[in-house]
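# Close look at the chain arrangement
Here are the chains, one letter per residue:
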Amino acid sequence: MLALSVAAVLAVFLVYVSFAGGGTPAVEPSELKGRAEVVVLSGQVVVGSVQTSGEVTRFRLRDVKGTATVPVTYAGGLPDQFKAGRDLRVNGQLRQGVFVGEPGTMVTKCPSKYAPKQRSS
Amino acid sequence: MAELGRAALVVCLGLSLYALVAGSWALVARRRRLAVSAQNALVAAFASALVGSIVLVVALVRHDFSLVYVARLTSKELPFGYTLSAFWGGQEGSLLLWLLVLTGYAALVVATSRRRRSELLPWVVPPLALVAVFFAFMLVAISSPFETQLAPANGAGLNPSLQNPYMVAHPPLLYLGYVGLTVPWAFGMGALLARRADEAWIVATRRWTLVAWTALGVGQLLGAKWAYEEIGWGGYFAWDPVENAALMPWLAATAFLHSVMIQEKRGMLKVWNLLLVILAFGLSLFGTFLTRSGILDSIHSFTESSIGPWFLGFIVLVLTLSLGLLFARLPLLRSRTRLESLVSREATFLYNNLLLVALCLTILWGVVWPLLSEAVRGEASVVAGPYYNFFLRVFGLPLLLLMGLAPLVAWRRASLRSLGASFAWPAGTAAAVAVVLLALGAGSSPVGLLAYTFSAFVLGSIGYEFVRGTRARRSLEGGTRLQAFSSLVGRNRRRYGGYVVHAAIVLLAIGVAGSAYDTVREARLDRGERLEVAGYTLTYLGTTERMSANARELRARVAVERDGRDLGIVEPGKNFYPVEQQVSAEPAIRADAMSLGDLFVILENSNPDGSVRLKALVNPLVNLIWLAGLVFLAGSLIALWPDPAEERRLLERYALAPA
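Quantities reported herein were computed from a predicted structural model and do not represent experimental measurements. (Residues numbered from 1 in each chain as written. Chains lettered and ligands numbered in written order. Predicted model: local features only at pLDDT ≥ 70, side-chain atom pairs only at ≥ 80, totals over all residues. Heavy atoms only, no water.)

This brings us to the nonpolar core. All names here are of chain B. Formed by 143 residues in total, the largest nonpolar core has its most connected members in Trp98, Phe135, Trp201, Phe286 and Ile363. Broken down by element, this core gets its largest block of residues, 14 residues, from helix 6 (residues 121-142). Counting the residues that make up this core, at least three belong to each of domain 1 (1-163) and domain 2 (415-516 + 624-637). Among all residues touching Phe135, those that are not within four sequence positions of it are Leu95, Trp98, Leu99, Leu285 and Phe311. Residues Leu437, Leu449, Phe454 and Val458 belong to the second largest nonpolar core, which totals 25 residues. (Core = buried A, V, L, I, M, F, W, Y, C linked by side-chain atoms within 4.5 Å. Buried < 20%, exposed > 50% of the residue type's maximum accessible area, 1.4 Å probe, protein only. Helix = DSSP H or I, 4+ residues; strand = E, 2+ residues; numbered from the N terminus. Domains from an automatic or database assignment. Contact = heavy atoms within 4.5 Å.)

It is worth spelling out the confidence of the model for chain A at this point. Summary statistics for chain A give a mean pLDDT of 78 and a share of 82% for residues scoring 70 or more. Low pLDDT (under 50) marks residues 110-121 of chain A, which in the prediction has 22 contacts with non-local residues, meaning those over four places away or in another chain. (pLDDT = per-residue confidence, 0-100.)

Once that is clear, we can look at the side chain of Glu346 of chain B. Residues and elements named next belong to chain B. Here Glu346 is to be found in helix 14 (residues 345-377). On the basis of relative accessibility, which here comes to 1%, the residue Glu346 falls in the buried class. Residues contacting Glu346, with those up to four places away along its chain left out, are Ile262, Arg266, Met268, Leu339, Trp411 and Arg412.

Before going further, it helps to spend a moment on unusual backbone geometry. When glycine is set aside, most residues are seen to have a negative phi, and most peptide bonds are trans. Residues and elements named next belong to chain B. Of note in this structure, Arg30 is not a glycine but carries a positive phi near 55°. Looking at the element boundaries, Arg30 is found in the loop between helix 1 (2-29) and helix 2 (32-61). Relative accessible area serves as the criterion here: at 74%, Arg30 is assigned to the exposed category. For Asp563, which is not glycine, the phi torsion reads 50° and is therefore positive. Tracing the chain through its elements places Asp563 in the loop between strand 5 (552-562) and strand 6 (565-570).

Okay, the interface of chain B and chain A next. Each partner contributes residues to the interface: chain B has 47 residues there, and chain A has 33 residues. Counting the contacts that link chain B with chain A gives zero salt bridges. Here chain B is connected to chain A by one residue pair in polar contact (both at pLDDT 80 or more). Contributing elements (two or more residues each) for the side of chain B that touches chain A: helix 3 (68-73), helix 9 (200-231), helix 11 (270-293), helix 14, strand 1 (381-382), helix 15 (385-405), strand 8 (582-586) and strand 10 (597-606) of chain B. For the side of chain B that touches chain A, the residue count by class is 23 nonpolar, 12 polar and 12 charged. (Salt bridge = Lys/Arg side-chain N within 4 Å of Asp/Glu carboxyl O. Polar contact = N/O pair within 3.5 Å; in protein donor to acceptor, adjacent residues only side chain to side chain. Nonpolar A, V, L, I, M, F, W, Y, C, P; charged D, E, K, R; others polar.)

Taken residue by residue, chain B gives an average pLDDT of 89. The fraction at 70 or more is 97%. Across the predicted assembly, pTM comes out at 0.90 and ipTM at 0.76.

Looking now at the domain arrangement of chain B. All names here are of chain B. For chain B, the assigned domains are domain 1 (1-163), domain 2 (415-516 + 624-637) and domain 3 (519-619). Averaged C-alpha coordinates put domain 1 and domain 3 at centres separated by 44 Å. Contact residues are listed per partner, giving 11 residues for domain 1 and six residues for domain 3. Among the residues domain 1 hides against domain 3, the three largest losses belong to Glu77, Pro160 and Gln163. Together they make up 60% of the total. On inspection of domain 1 and its partner domain 3, the count reaches zero salt bridges. (Buried area = accessible area lost by both parts, 1.4 Å probe.)

This brings us to the sheet that holds strand 10 of chain B. Residues and elements named next belong to chain B. Ordered in space as 2-11-10-9, the four strands form an open sheet in which the pairing is antiparallel. Of all strands in the sheet, those bounded by a partner on one side alone are strand 2 (519-525) and strand 9 (588-592). Averaged over all adjacent pairs, the angle separating strand axes in this sheet is 15°, with direction ignored. Across eight bridges, strand 10 lies against strand 11 (residues 612-619) in antiparallel orientation. Looking across to strand 11, one finds that Ser606 is bridged to Val612. (Pairing = 2+ DSSP bridges. Axes fitted to C-alpha atoms, helices over the stretch in contact; angles between N-to-C directions.)

Okay, structure coming up:
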């Protein structure tokens, strides 16, 4: 009885996973090269790169640990926490060398985690 | 000052360590007085954690920026209430709150268990002390809130998003919940250590579990309300890992609250209940770990976090010890009885448990999927809303239905005839509601229609239970209907409180399912231009600016009309915080009594030419979610309220049981 129910639950799960696939790839700018599919891009907003023209924001995103960067355009409302130097995540795809973000998908980290970098003591 | 705080934490660590070592040795060597001394050490550990906390509060209130923590999270301009709430605004303070709440619970456990002369108490002390040692150690050695520096002139200020009344109450409630789950776990482990296979630990912890579970539930709803009003995207829950972190232990605890009833009544599911309590406690540690370690941003940032590896190590230790102990005691835990029928109250509880745990584990799978996929395939991938929503429907809808079915099904073995009689009422209600909804065109969303039909069924079945119970009581005792009703609830607080909680869950389900009928419109508007959304007409009138104590507040003035009626002006806007160098969205929310929903207006952008980009949402039924919170609290309080008669009965039952 218990075994049967557990099997049923597992079956539902496997059916879903096999049909819907294993999620959206999550990459950083350095891993973006040559990808055409929709991905979740995460990285850090490069200081001094943010430009706003009308309602489109352009900036460069950098690997959180690294130097690779990619230009990003985003035409949606920016989250409150958006700021140069912040880590964020945005869905979208690479088009001719520019990562085009889907409006409404940009998230920054939960504010409870915004403690400035601890000095190593 | 800082020295006093540091010293208090060191003393707390020492006392917890003593409680762990002496408490364990007392059990091995059977030394009663040593066991009592270990219990006293736990109470003293609470006192020293309290001293440490008071030091931090005083430092916050006095703007003592020589404390790194105070300088990082507050400023002179910060309002008093938020200055206090900065206590749990950062990692070190959160850990201190964990320790304070944990030792507070431990001290209460010692005090109440002594009064009841519980034989389990000496066995519960070492597990409680183990957790206290871990948190005290983290605060002393790894992440101290009392680090000092040369005081800067002003602090950095609190993140504006956290400057919200809901954020003052949400974290402490969550911690009351997370940490509270330590108590049933400690009792479960204590019972295993003591080789007691009876229900004493469950009886002793029922109320503790309910308190923790209620706090966790209310805390999450406050968090949702905060997200709704403060983050300003028009929603309240986004399956963010941090949100899931609190939902998972709540689901596990919900399963536990139900399955313990089967163990109490029928002596079944002993191993399952211990597994659930280990799962709930493990998930509460995991939740703290998730929110604090940064592991989900990437595996790489995890190794840099100062507390992540320690937490992971502690979780592994706790799980290994708990499961190892459970395995060692398996022969003691055989059930006295077996399931007699698949159509019985016990069986419905079992289905409910499987669904809750399945939902909990699929969420867990989604949360750790980025890590698993990176470990296995070398590339991280994430699952988002659709994944979670799918499983919420697949497991949630049957759960909803079960909530209506279970109260109508008898214990042990239900006869079909009695089932038919009690089903007539609720099923009739559900059918009527379904027909009305179909006529109104709700069939556009089959899932929504199903959810509402099930909801009607549950409400029908709860109503039927109350009516049937009141009638029976009245024929027994006479008196008015009201007297019979209050006597009914008063004598079975747990059961009828539970039904009230069920009604709250139904309200929640209706509110959440209402999001299927949301409307969103967005436009760039010049002064005088209009935006139409679901029957509302919004006219942009212009922007205003004013200064508050610690922010510059920009507001767009927007006139609202519906069906030619003037509904006044709403003012969505943004606040700019100069000290913190941050922006915070301040959406305008206008409740509508008819649809129980909101008109939600966001100022996305204000342009130099005076135009703005507005986003407007109409969210029907969303206010039922907040109403559900109040009903939930009321139901929990009814179930929690002390019932001396029941306590006595249970105590007598287990005092006689062989140890």
